[in-house]
Amino acid sequence: MSSNYPDAKSPWSSITGPNLGYIMEMYDLYQESPELLDPEYVELFKQYGPPVETSASQQVSTSQQASTEKAVEPNNFEKVLAAVHLAEAIRAHGHLASDIYPLKDQPKDSSRIEPANGLSEQDLKEVPVSLLLNNAPSDVTNGLEAINYLKSLYTDKVAFEFSHVIQPQERSWLQEKIEAGAVKPTLDPDKKKQVLDLLTRVEGFEKFVHRTFVGQKRFSIEGVDSLVVLMDELVRLSESAGTQDIMIGMAHRGRLNVLTHILNKPYEMMFAGFAHVGDEAFLPEDGSLQITKGWFGDVKYHMGAAFKSENGTSVKLAYNPSHLEIVSPIVAGQTRAAQELTDQTGVAKMDPKKSYAILVHGDAAFPGQGIVTETLNFSRVKGYQTGGSIHVIANNLIGFTTEQFDSRSTHYSSDPAKGFEVPVIHVNADEPEAVVAVARLAFEYREKFGKDILIDLIGYRRYGHNEMDEPLVTNPTMYHGIHQHDTVRELYGKQLASEQVLSEDDVKKLDADIQKEMQEAYDRVKENKTADFPKLEIPEAVLNGYPEIATGVDKEVLTKMNAELLSWPSDFSAFGKLARILKRREDPFNDKGKIDWAHAETLAFGSILQEGNPIRLTGQDAQRGTFAHRHLVLHDEKNGNELVPLHHISDAKASFVVYNSPLSEASVLGFEYGYNVENDKALVIWEAQYGDFANMAQMMFDQFISAGRAKWGQKSGLVMLLPHGYEGQGPEHSSARLERHLQMAAENNWTVANLSSAANYFHILRRQAKMLGEEAIRPLIIVSPKSLLRHPLVGADVADLAEGQFETVIEQPNMGKEAKKVKRVLFASGKMAIDLAERVKDGKGYEWAHIVRVEQLYPFPAEKIQTIVDRYPNAKELAWVQEEPQNMGSWTFADPYLRELSDGKEVKYFGRSQRQSPAEGDGEAHKVEQARILDEALAKL
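Residues numbered from 1 in each chain as written. Predicted model: local features only at pLDDT ≥ 70, side-chain atom pairs only at ≥ 80, totals over all residues. Heavy atoms only, no water.

> Mind showing me how you'd approach the overall build of the protein chain here?
The helix and strand tally for the protein chain stands at 34 helices and 25 strands. Once the C-alpha set of the protein chain is aligned to its principal axes, its extents read approximately 110 × 80 × 50 Å. Buried positions account for 59% of the 941 residues belonging to the protein chain. Contacts spanning at least 24 positions in sequence make up 79% of the contacts within the protein chain whose residues lie at least 6 apart. Counting every atom, the protein chain has about 38200 Å² of accessible surface; 48% of that belongs to carbon and sulfur. (Helix = DSSP H or I, 4+ residues; strand = E, 2+ residues; numbered from the N terminus. Buried < 20%, exposed > 50% of the residue type's maximum accessible area, 1.4 Å probe, protein only. Contact = heavy atoms within 4.5 Å. Areas by Shrake-Rupley, 256 points an atom, 1.4 Å probe, with all protein chains shown as cover.)

> How do you make sense of the sheet that holds strand E20 (residues 809-811) when you look at a structure like this?
Strand pairing in a sheet relies on backbone hydrogen bonds, with the paired strands running either antiparallel or parallel. Taken in spatial order, the five strands of this open sheet run E20-E22-E21-E24-E25, and their pairing is mixed. Each having just a single partner strand, E20 and strand E25 (906-912) make up the two edges of the open sheet. Looking at each pair of strands side by side, their axes are set apart by 25° on average, direction ignored. Docked against the sheet, helix H32 (residues 862-870) engages E20, strand E21 (824-828), strand E22 (849-854) and strand E24 (877-885), running at close to 25° with respect to E20. (Pairing = 2+ DSSP bridges. Axes fitted to C-alpha atoms, helices over the stretch in contact; angles between N-to-C directions.)

> I keep staring at the nonpolar core and nothing clicks. Help me out?
Nonpolar side chains in soluble globular proteins tend to end up buried together. Judged by nonpolar contacts, the single largest core of 122 residues is most densely connected at Leu 263 and Phe 271. The biggest single contributor to this core is helix H17 (residues 432-449), with ten residues. Counting 71 residues, the second-largest nonpolar core is a separate cluster that includes Leu 454, Val 822, Val 825 and Leu 878. (Core = buried A, V, L, I, M, F, W, Y, C linked by side-chain atoms within 4.5 Å.)

> What's the story with the sheet that holds strand E5 (residues 314-317) in this structure? I'm lost.
Strand order in the open sheet formed by nine strands is E1-E10-E11-E9-E8-E2-E5-E4-E3, with mixed pairing between adjacent strands. In the strand order of this sheet, the two ends are held by strand E1 (158-161) and strand E3 (289-290), each with one partner. With two bridges connecting them, E3 and strand E4 (residues 305-308) associate as antiparallel partners. Looking across to E4, one finds that Leu 289 is bridged to Phe 307. The strands that helix H13 (residues 327-339) touches are strand E2 (245-249) and strand E8 (355-362); relative to E8, the one it contacts most, it runs at about 175°.

> When you look at empty space enclosed by the protein in this model, what are you seeing that I'm missing?
Summed over all chains, the structure comprises twelve cavities of 30 Å³ or more. Roughly 130 Å³ of internal volume is contained in the largest cavity. Taken together, 13 residues make up the lining of the largest cavity; nearest its centre are Leu 565, Arg 585, Thr 602, His 631 and Pro 645. At the level of secondary structure, the elements contributing two or more residues to the lining of the largest cavity comprise helix H22 (555-565) and helix H24 (597-610). Volume-wise, the second largest cavity comes out at about 80 Å³. (1 Å grid on protein atoms, 1.4 Å probe; cavity = no way out; pocket = protein on both sides within 12 Å on 5 of 7 lines; lining within 4 Å. Points joined across faces, edges and corners; volume = space filled by probe spheres on them.)

> What should I look at first to understand the pairing of strand E15 (residues 656-660) in this one?
Here is the key point about a regular strand: its side chains alternate between the two faces of the sheet. Of all five residues in E15, four are buried, a share of seventy percent or more. Across five bridges, the pairing between strand E12 (residues 615-619) and E15 is parallel. Counterpart to Gly 619 in the pairing with E15 is Asn 660.

> Help me understand the side chain of Asn 257 in this model?
Among the structural elements, Asn 257 can be located in helix H11 (residues 255-261). Residue Asn 257 is classed as buried on the basis of its relative accessible area of 0%.

> Even after reading the chapter, I still don't get the environment of Ser 120, so can you show me in this structure?
Examined against the element boundaries, Ser 120 turns out to sit in the loop between helix H5 (77-93) and helix H6 (121-125). Remark: the alpha-carbon pair of Ser 120 and Leu 144, spanning 24 residues in sequence, is separated by 9.2 Å.

> It is not clear to me how the pattern of salt bridges should be interpreted in this structure. Could you clarify?
Pairs can form between side chains of opposite charge whenever their charged atoms are close. Taken as a whole and judged by the stated rule, the model has 59 salt bridges. Notably, a salt bridge pairs Lys 418 with Glu 161, separated by 2.8 Å at the nearest N-O pair. Pair noted here: Lys 418 is in the loop between helix H16 (404-407) and strand E10 (424-428) and Glu 161 is in strand E1, with a separation of 257 residues, a long-range link. Between Glu 920 and Arg 915 there is a salt bridge, with its nearest N and O atoms 2.7 Å apart. Through salt bridges with shared partners, a single network forms among Arg 912, Arg 915, Glu 920, Glu 929, Arg 932 and Glu 936. (Salt bridge = Lys/Arg side-chain N within 4 Å of Asp/Glu carboxyl O.)

Have a look at this one:
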């Protein structure tokens, strides 16, 4: 903080007369020779800037100050500065001496908050309160009392870190809230009873399950039971504020308790899951609870749900596998989608008050997994911000069996958040009233500043990592202490009894009544137990796949749209070279040339917007396109102003945005997946800068995009563009690892395409958009081109867009005309298909061969290929041709299909041999190998 921030509290404001003159002399010395000054002076001048004489009116103190404070003697000024420094040290470092560890097994460090430089209690008494504390309570009458008051605030059961926040308005607001006592628990008796009831249910649920379903995994919440109290308070605050959607992301620990007591999933449904019987009979009939299920299923502590309260606030817990933090960006994407209005043209309109995310993290995972910091980085990025998430670390002080000294290099597990200016509040999980107060502060901060805030809920883990672990084997010291430690429910019950809010008998009766309630719920489950667990089957629409869909667009519509895309305002100065390139897009509509890849894409986008589907496209260079081909956002050469032509076409009915994303893959792809899950009518597209960048997001493909439907019934129509093609540029950026996506292809879980036609790209995008929101929808992976982006053999005529549709298979023109002469049928996709086409040209001299481009690899178009093969009764060979090594690409996937329909014909492979690296590192070696493949594939039989 510097004097550039006029609203920042400065110690100079209370200094007058000789004292002010003295400090001004010290500032002059600081400017000339700072090394001669005491470090405390240097720090104060750095922090608050130069002293400034105040007006007479500012020098007048209030009557209260006049009666309780006296002027500081000039020779005591160093002690005044030391007192000011001490107050600031308490605010900045009090957390190190705070009582935030329930087990009291961590050392406290008060060395930074003790008086220094000979500062005595008497000296402190003589310091005016106003120099140390704003709006002090009436019983704080001198500097010593002010210092003790600050210590009581900053070293108690709640501790704060916010000095790393740059904006002084935020720091001042937090400081004022804390020092006004806003985080001191002040609950009325009814609220106290409510908190005890919830804690008793939280602990009671765990006890009942532990006793009734011995040995079954549940990943108990015990030790951070107050997490449910915190979340319950956030939900109550959200309902009062009119929040429409609360999105929750968390790992498995405590999830079952959150499902039960935050999402209001009935005890019967929870116990049915443990008893391995159907739970549908216990689903609330009022429709307040929604649960989706896949046909393959998942363990109970990975499942999610959505609950809608009577006042309309929806609480959604996202499905999440055991990949802990991986759900965080997905929930952020869901939140953004819930905040946006996309049924109007232009940029989607965002209201951050409509929705927000609660992201629950593990203490070992928060600093240990990079996806956390990737997600934190979204907080103020234009295309990804959500107006602030409330992060909670459910801090067990251990990760599986790994203790802190082996887990991280930071003091707190929360420390990575400070790099993103996220305020951190540490709170003792054994203090439920403090937890309620912290929830209120966090919610208010998010509402006011629209930024992330983090609550470090410090507890412990009462049992092992799961219910079959014995933690004393690996962590004996910690667990001997835990076994002697009362639960938070027991501690809080005793507190309320001592406060005479309830009697000890009332506390015991509450526990007994809740256990009885749970037993009665389980009895109902046993009464409804059936012999057969209900079998969930693949929906017929999924099994049937996509139907034939008309995707052509009238030529008149395309012509008008194309003209509008190229009609820019008269005061817009596009870069000359780019303007000339884009103006060439008029040529195909004047029968002069072809529509290239990016041109076809833009026309597809425009037509999709005209039909009412919003579009969101992101990627590290998505606006321009990695290969300088797309140019959806134009920049004025003179002033840098942006123009998005797709915002200005006629008849558009939905929003369009294209964002250059942060330099990450896992979090960005997860965000886009979450966005599409929440807004299932939006065409959401993620483009990897190069296809192999998808490696960094592999867990998103594995756990969510490929399998979310089968595991959880979670639908997605997400589109992924993965640039792919061997251009002699080395192992990286050649292969999009096509084989991985094909290996995971099953049950119509997604579409995988490697296209060789701009028209086909146009139609597959439109087909995907038309299926959005339908039962049969599935993600789409397009192994998109690089060198083919402007290739004439890939280009399309206007008629191809107007009259055509997506073709899963394209036969090479001018080949295979004389069926009896054909001896070999060659199959290829993408760039290799175009390489073959360039070699055979018009087909003359290759009457013995036919070439088939397999545009859609999965679902494999076996029936269409069978029809083609049947036309060539004299063919001896079916051959697959590819650029990739034999153990990569699409060969191993296509091989069994070809053998099944070969009818005795030999099935052959032409391509690179099996390799560990995808491509050659030398361009000339690549050319030689590529030529060899073509020579062998086209060698006459």
